[in-house]
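Architecture and fold: a report
Each chain, letter by letter, is given below.
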Amino acid sequence: MAALLDQERPNIFTQALANLMPGASVEIEITYVEPLRYAGGAFELAFPTVVGPRFIPGAPTGASGTGWADDTTDVPDASRITPPVVAPGTRPGHDIDIAATIDAGVPILDVTAPLHEVDVERPGPNLARVRLRDRAEIPNRDFVLRYAVAEDTVRSGYLAHRDGAGDGYLSVVLVPPRHVAPREAAPKELVFVIDRSGSQAGLPLQKAKETMSWILDHLNPSDTFQIIDFGSTANVLFAAPELATESAKQRARAHIATLEANGGTMMADAVRAACAIPADAHRLRIVTFMTDGYVGNDFEILGMVRALRGTSRWFPFGTGNAVNRFLIDGMAREGGGEPDYVLLSDPGEKVAARFYEKIAAPALTDVRLEFPGLDVTDVTPSEPSDVWAERPLVIHARYRAPGKGQVVLQGYRAGQPYRQVLDVTLPAAAPEHAAIASMWARARVDDLMARDLGAAQRGEVPDAIREEIVSLALAHRLMTQFTSFVAVEDRVVNEGGKQHTETVEVAMPDGVSYEGVFGAGARDAVAAGKVNRLAAAPASRAEMGGAQEPSGPALDSLMKHRRADSPAAAAPTHEEDRRQLAQLDDAVRAKLSFGLVTLLTDPSVASVRVTGGRVTVRVRLRERAGEMRAALEAAGLAITETKGRLVIGTIEPGRLAALTALGGVQRVAESSDGVR
């Protein structure tokens, strides 16, 4: 038997088993180390149990994995981060059993698991044992464990590890001062960015609306604000940020109320729109980004925030029970803010109040670190961000020689200089706390990957960075984008036997709409056995059942540019095609991308380019193109290129309905469309 574990993303892994005999039982033990999140007197562990369905932008290029999406020009490994999803009304064939032992070192006040029923034992004031009550729980949401401790028990401190004569490792926990609200809040500019893509349908979007509405109600009259909503397109409400007058807030409330979840997740457009707003030198810009983070171009988004944010501070909210925490945490890290998570069971106003208290005044600004007397190197993070909440700063470093010295934290608290000094002794030998070396190495890998996130997204990490990451990973037994865990049993059980490969499906995340992600008709098509797997179901930014179109008086500069050079507004109305489209059943209607649906139903706002009365489309087929070429051409498609099951060509908009009606056609999209 052989086992291979690959990292696709820091929070997506593929476990492959080979030569597993029928009925055999295999145990695989994986150990990992992760610091707990701490805020407001409570610690939190979030253990993901499912991979949410990612929106995949770019043109298909084939498939290297077993996922339901093709690899694309923008996400070269898309087929490796989109595991097949079980059909509606069914569940994965595996259970979960979670047990946790908490040794807090200080009295524990409370233990909760907001998304699961658990049994809690308390053998001592500092100890707790937690076990999931029902092993048959569907693994479709994060296991979130929170425990509160007595106030003022978290102190600044450090741990060191050194085994032998080599380098040692140091982890420092610096507790910032308490948050102090200013006597008079400085004027702010708040940019609200809200994800209204299909995966947000239902409770996730409702929770985001609830949170944003509370914040709107509590803006100061001297604040300004802007609202950007995005799905397959990004829409900006105001021509410029508006003062938080009652009239402006009322208009914003009305706009928020009309938002509907549908379509793809063109997050890059929303990031550009937020960063394109001219900065006001007299205001601190706060960007609140509400999303589940279900995109495959994670690294690209983080790189954009890092490169384009200017002096703004980004506060992403993960809305849902199984969100992409790698992206949410990364946006906060690259954007100089703090992340937060809105579970579907959390009161929106409670989360909003916590956020608003943070941004009223940061706990510490202009943070810098010094290490007088200590021979440390490779400190991470080298430039800590402002501290917006009572959350410890965790610093990792490597040291070359033992000795005594200090870690000095400096900054400004409520406009006044702040300085905290921690005396540190770096030991010559400290075999305990071996996990510190792994934590430093993981933080170092993250820093190296962050140097060129765009290259990481394209799979083109520079050789020097790749080699350093591989060296770190091998030395510290880490899994990375470039290293895997392998286990091989050296015996033959089924010599000459027949091999069969089985791909394990995952659950749809709790609270996520099946139709919102895969389009109307996908549920019935899968349930009826009309498709073999979700790769054959309607994919991409399918906005079935009426799309929420841009309704503000002005669009961001990017969207203005896209529409200014598009003659789509002059395209014919296609009344006959529109009538035919309305008569198609949902499964066929879902084959059209949102952009093409918009072109047929409201060409005045369509962003699809029509040239010479024809639009360039790409058609994904169930079989190779050669077997359907005649039928495609008969439907009006002038083929310009074929690649496996992908066909690119031009067609009159009025003949799109006939093209989608062909049974072998899976998906028809404009040439710039993405795939879910």
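One numbering rule holds for all chains: residues counted from 1, following each sequence as written. In view of the model being predicted, local features appear only for residues whose pLDDT reaches at least 70, and side-chain atom pairs are presented and counted only at 80 or more, with totals across whole chains, interfaces and linings using the full set of residues. Only hydrogens and water are set aside; all other atoms, that is, all heavy atoms of the structure, feed into the side-chain values.

**Regarding the sheet that holds strand β1 (residues 2-9)**
The following threshold applies: Pairing between two strands requires that DSSP report at least two bridges joining them. Numbering goes from the N terminus for both helices and strands, where a helix is a DSSP run of H or I of at least four residues and a strand is a run of E of at least two. An axis is simply a line fitted to the C-alpha atoms; with a helix, the fit covers only the stretch in contact. Between two such axes, the angle follows the N-to-C directions and lies from 0 to 180 degrees.
Taking strand neighbours across the sheet as the criterion, the three strands line up as β2-β1-β26 in an open arrangement whose pairing is antiparallel. Two strands bound the open sheet, and with one partner strand each, they are β2 (12-18) and β26 (485-488). Taken over all neighbouring pairs, the strand axes of this sheet differ in orientation by 15° on average, direction set aside. When β1 meets β26, the two strands line up antiparallel, connected through four bridges. Each residue of the ladder has a partner; that of L4, found in β26, is V486.

**Some details on the pattern of salt bridges**
Heads up, the condition is: Take a side-chain nitrogen of Lys or Arg and a carboxyl oxygen of Asp or Glu: if they are within 4 Å of each other, that pair is a salt bridge. Only protein chains enter the accessibility calculation, which uses a 1.4 Å probe. A residue is then buried if its area is under 20% of the maximum for its type, exposed if over 50%, and partly exposed in between.
For the structure shown, the criterion picks out 36 salt bridges. In this structure, K207 engages E210 in a salt bridge whose closest nitrogen and oxygen atoms are separated by 3.8 Å. Taken together, the residues K207 and E210, both in helix α1 (residues 203-217) and three residues apart, mark about one turn of the helix. Since its relative accessible area comes to 9%, K207 is described here as buried. One salt-bridge network, held together by shared partners, links R37, E44, D142, R146, R325, D340, D346, R354 and K358.

**A look at the environment of A3**
Rule in force here: Note on definitions: a residue-residue contact is assigned when non-hydrogen atoms from the two residues lie within 4.5 Å.
With respect to the helices and strands, the residue A3 is situated in strand β1. Residues A3 and V26, 23 residues apart in the sequence, show an inter-C-alpha distance of 9.9 Å. Leaving out residues up to four positions away in the same chain, A3 has contacts with Q15, A16, L17, I28, F485, V486 and A487.

**A closer look at a nonpolar patch on the surface**
As a reminder, the rule being used: Candidate patch residues must exceed 30% relative accessible area and have no salt bridge, after which like charges are joined if within 9 Å and Val, Leu, Ile, Met, Phe, Trp or Tyr side chains if within 5 Å. Surface exposure here means Shrake-Rupley accessible area, sampled with a 1.4 Å probe, where a residue is shielded only by the protein chains that are shown.
Together, L17, L20, V26, I28 and I30 make up an exposed nonpolar region whose accessible area comes to about 380 Å². Assignment of secondary structure puts V26 in the loop between β2 and β3 (37-39).

**Overview of helix α2 (residues 246-258)**
To keep things clear, this is the line we draw: Under the convention used throughout, the expected extent of a helix is 1.5 Å for every residue step, that is, one less than its residue count. Directions drawn from the helix axis to the C-beta atoms are what define this arc.
Here α2 is 13 residues long and its end C-alpha atoms lie 19 Å apart, about the 18 Å a rise of 1.5 Å per residue gives. Along α2, the residues that are buried comprise A248, K249, A252, H255 and I256. The buried side chains of α2 occupy one side of the element, clustering within an arc of 120° when seen end-on. For α2, exposure combined with an orientation more than 90 degrees from the buried face picks out S247 and A257. Of the surrounding secondary structure, the elements contacted by the buried residues of α2 are α1, β15 (224-230), β16 (234-236) and β17 (242-243).

**Some points on the pairing of β2**
Regular strands show a simple pattern: their side chains alternate between the two faces of the sheet. Note that β1 and β2 share seven bridges and pair antiparallel. When the sheet's bridge partners are listed, L4 is paired in β2 with A16. The hairpin turn running from β1 into β2, its antiparallel successor, is two residues long.

**Here we look at the side chain of S171**
What counts is decided by this rule: We call two N or O atoms a polar contact when they sit within 3.5 Å, provided that within protein one can donate a hydrogen and the other can accept it, with sequence-adjacent residues counted only if both atoms are side-chain atoms.
As for its position among the elements, S171 is in strand β13 (residues 168-174). Within polar-contact distance, the side chain of S171 engages the side chain of H396 at 2.9 Å. Discounting chain neighbours no more than four positions away, the residues touching S171 are G157, Y158, L159, I395, H396 and I436.

**What about the packing of α1 against helix α6 (residues 348-360)?**
Short version of the rule: Each angle gets one of four labels, with under 35 degrees taken as roughly parallel, over 145 as roughly antiparallel, 65 to 115 as roughly perpendicular, and the rest as oblique. Handedness of a crossing follows from how the near helix is turned relative to the far one, being left-handed for an anticlockwise turn of less than a right angle and right-handed for a clockwise one. Any residue that is not Ala, Val, Leu, Ile, Met, Phe, Trp, Tyr, Cys, Pro, Asp, Glu, Lys or Arg is counted as polar, Gly included; the first ten are nonpolar and the last four charged.
Running from N to C, α1 and α6 point in directions that differ by 45°, and their axes come no closer than 8 Å. What the angle tells us is that α1 and α6 run oblique. By crossing handedness, the relation of α1 to α6 is classed as right-handed. Contacts between α1 and α6 involve K207, E210, T211, W214 and I215 on the former and, on the latter, G348, E349, A352, A353, F355 and Y356. Among the residues making up the contact of α1 with α6, the classes are represented as six nonpolar, two polar and three charged.

**Concerning the packing of aromatic side chains**
Using the following cut-off: Only centres within 6.5 Å qualify two rings of Phe, Tyr or Trp (six-membered ring in Trp) as a pair; their planes then separate them into stacked at under 30 degrees, edge-to-face at over 60, and tilted for everything else.
Within this structure, the stated rule accounts for eleven aromatic pairs. Ring centres of F43 and Y147 lie 5.3 Å apart, and the angle between their planes is 20°; this geometry places the pair in the stacked category. With F43 in strand β4 (residues 42-47) and Y147 in strand β11 (residues 143-149), this residue pair connects regions lying 104 residues apart in the sequence. With 5.3 Å between their ring centres and 45° between their planes, Y169 and W440 make a pair best called tilted. Here Y169, found in strand β13, pairs with W440, found in helix α7 (residues 435-450); they are 271 residues apart in sequence, far enough to count as distant. Here the two residues Y169 and W440 agree in accessibility, since each one is buried. Three or more aromatic residues joined by ring pairs make a cluster, and in this case those are F315, F317, F355 and W388.

**Points about the nonpolar core**
Operational definition: Among buried residues, those of type Ala, Val, Leu, Ile, Met, Phe, Trp, Tyr and Cys that are joined through side-chain atoms within 4.5 Å constitute a nonpolar core.
Residues V193, I228, M267, V271, F289 and W314 are the most contacted members of the largest nonpolar core, which totals 41 residues. Broken down by element, the residue count for this core peaks at seven residues, all from α7. Once you skip the residues sitting within four places of it in the chain, M267 turns out to touch F230, F289, T291, G293, V295, I301 and L327. Residues I194, I256, V342 and W388 belong to the second largest nonpolar core, which totals 29 residues.

**What to know about α7**
Because the α-helix completes a turn every 3.6 residues, residues three or four places apart line up on one side. Counted at 1.5 Å a residue, the expected span for α7 with its 16 residues is 22 Å, and the 23 Å between its end C-alpha atoms agrees. Taken together, the buried positions of α7 are occupied by I436, A437, M439, W440, A441, A443, R444, V445, L448, M449 and A450.

**With respect to unusual backbone geometry**
Following T380, the chain continues to P381 via a peptide bond in cis, the omega torsion being -5°. Summarising the element assignment, P381 is placed in the loop between β22 (376-380) and β23 (393-399). Of note in this structure, H433 is not a glycine but carries a positive phi near 60°. Relative to the helices and strands, H433 is located in the loop between β25 (416-426) and α7. On the basis of relative accessible area, H433 is assigned to the partly exposed category, the value being 37%. With a phi angle near 55°, R477 is a residue other than glycine that sits in the positive phi range. Here R477 lies in the loop between α9 (463-476) and β26.

**Quick look at the sheet that holds β13**
Spatial strand order, β12-β13-β23-β22: four strands in an open sheet with antiparallel pairing. A strand with exactly one partner marks an edge of an open sheet, and here the two such strands are β12 (157-161) and β22. Pairs of neighbouring strands in the sheet enclose a mean axial angle of 20°, with direction left out of account. In this sheet, β13 lies alongside β12 in antiparallel orientation, the contact comprising five bridges. Within the sheet, the bridge partner assigned to L159 lies in β13 and is S171. Those strands touched by α7 are β12, β13, β22 and β23, and its axis lies near 65° from that of β22.

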